[in-house]
Amino acid sequence: MNYNITVLDGDGIGPEICAGAIKVLNAVGQKFGHKFNFTHKLIGGCAIDACGAPLPEDTVKTCLESDSVLLGAVGGYKWDNLPVDLRPEKGLLGIRKAMGLYSNIRPAKLWASLAEASPLKGRLVENGVEIIIVRELTGGIYFGERGRGGDGATEYAWDTEKYSVGEIERITRIACELALKRNKKVVSVDKANVLESSRLWRRTVHAYAEKHYPEVTVEDMLVDNAAMQIVKNPAALDVLLTSNIFGDILSDEAAQITGSIGMLASSSLGDGTRGLYEPIHGSAPDIAGKDIANPIATILAAAMMLRDSFKLLDECAAIENAVDSVLQEGWRTADIYEEGKNKVTGSRMACLIAERI
Ligand code: IPM
Ligand code: MN
């Protein structure tokens, strides 16, 4: 089969990590007889520099015409002081919205060979950890009304967290489908003791799940408690369903307990099969161009693309197994390095993984 993939390299380490994922995808193509065609387009700071906007129309058009999209990362010091509509992040939020990607899946998995890299005590992680965060991605405070007014000491600013029943139901469906394939349990995270939007969230999640997924158990957890449970007993958590902003925050926390944010991938989907796949980390401008960034998160994002957009399950497993082998053999990029292991550059790491496909 032929697959057309748009690559949005973005800024900072984006181009390096995307190059690593492309190398691995090409190895998969060769082994399994697929042809992956890559078209590179601009997003974020590099797009601001080249065309004056973080999300050029041509980028949106190409993404909407392709089979799927791979994204590196956006942002950097250079663009930090621009007005809000001209910030690189606006490009990322814009493409999520333009592609209708309301469902963001972020699996935080602790690889057995990286248990030592987790900041948590051994006994908390010895039986493995796999928390799957299902984050609503095109609603809530990220896209709600906001504004400013007043001046001096009375100057103020506001943002709104707003969710509709329809938005909550469709993301609940995603979490329940996932739970069916796992332990049939969803933990829904909200702040219903304070926020009205959370009270609607809680009521809707329960009503929808009870009606359509009676075999799935839904438990509620307040977000402050969820933040605590992630470090207290991560092994007890499985599918976490939550809003855009809570998912953003909890996914960084969950990532860190697996050793390095450089290991975590994410998939963003809407109603179709065309998705956007990216590492959950940022553009790390401080290490860009030094070939030390860990490409594994982006390589695992490519694996998720094969599974979720193209239904290529064996091919996805081939990438995950190759990553596992390389880690077990002791190869490490700087972020996951520990004494006694072999430290390698980012590009070498990608080569090692590609060779094991
Ligand atoms: C993420 C990032 C983005 C987000 C930023 C860069 C807009 O932190 O994907 O988690 O907040 O969604
Ligand atoms: Mn984030």
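Small disclaimer: the values here were computed from a predicted structure and weren't measured.

Conventions and cut-offs
Residues numbered from 1 in each chain as written. Chains lettered and ligands numbered in written order. Predicted model: local features only at pLDDT ≥ 70, side-chain atom pairs only at ≥ 80, totals over all residues. Heavy atoms only, no water. Phe/Tyr/Trp six-rings, centres within 6.5 Å; stacked < 30°, edge-to-face > 60°. Lys NZ or Arg CZ within 6 Å of the ring centre and 35° of its normal. Near = heavy atom within 4 Å. Polar contact = N/O pair within 3.5 Å; in protein donor to acceptor, adjacent residues only side chain to side chain. Areas by Shrake-Rupley, 256 points an atom, 1.4 Å probe, with all protein chains shown as cover. Helix = DSSP H or I, 4+ residues; strand = E, 2+ residues; numbered from the N terminus. Nonpolar A, V, L, I, M, F, W, Y, C, P; charged D, E, K, R; others polar. 1 Å grid on protein atoms, 1.4 Å probe; cavity = no way out; pocket = protein on both sides within 12 Å on 5 of 7 lines; lining within 4 Å. Points joined across faces, edges and corners; volume = space filled by probe spheres on them.

Asker: I'd like a rundown of the packing of aromatic side chains, residues and numbers included.
Answerer: The final tally for this structure, using the stated rule, is 4 aromatic pairs. One aromatic cluster is present, built from ring pairs that chain together Y3, F36 and F310. The ring centre of Y337 lies 4.9 Å from the NZ or CZ of K343, which sits over that ring. Between the NZ or CZ atom of R348 and the centre of the ring of W331, over which it lies, the distance is 6.0 Å.

Asker: Go over the site of ligand 1, please, and point to the residues and values.
Answerer: The environment of ligand 1 is formed by E89, L92, R96, R106, R135, Y142 and D248. A distance of 2.8 Å separates an oxygen atom of ligand 1 from a polar side-chain atom of R106. Residue Y142 places a side-chain N or O atom 2.6 Å away from an oxygen atom belonging to ligand 1. Relative to its unbound accessible area of 320 Å², ligand 1 is 77% covered by the protein chains. The greatest single-element share of the shell around ligand 1, amounting to 3 residues, is contributed by helix α4 (residues 88-98). A class-by-class count of the residues in the shell around ligand 1 yields 2 nonpolar, no polar and 5 charged.

Asker: Any chance you could break down empty space enclosed by the protein for me, citing the residues and the numbers?
Answerer: Summed over all chains, the structure comprises 2 cavities of 30 Å³ or more. Looking at the largest cavity, the residues that line it are E161, Y163, V189, D190, L195, S197, S198, W201, S243 and F246. Broken down by secondary-structure element, the contributors of at least two residues to the lining of the largest cavity are β8 (185-190) and α7 (196-212). Considering each element in turn, the lining of the largest cavity owes the most residues, 3 residues, to α7. Looking at the lining of the largest cavity residue by residue, the classes come out as 5 nonpolar, 3 polar and 2 charged. As a volume, the second largest cavity reaches approximately 40 Å³.

Asker: An account of the environment of A236 is requested, with residue identities and associated values reported.
Answerer: Counting through the fold element by element, A236 comes out in the loop between α8 (223-232) and β10 (239-242). On a C-alpha basis, the gap between A236 and V129 in space is 8.3 Å, while along the polypeptide they are 107 residues apart.

Asker: With reference to specific residues and values, describe the layout of surface pockets.
Answerer: One number sums up the size of the largest pocket: a volume of about 800 Å³. Every residue lining the largest pocket is counted, 27 residues in all, and those nearest its centre are I105, L178, M304, R307 and D308. In terms of residue class, the lining of the largest pocket is made up of 13 nonpolar, 4 polar and 10 charged. A volume near 650 Å³ is recorded for the second largest pocket. With 5 residues, the single largest contributor to the lining of the second largest pocket is α4.

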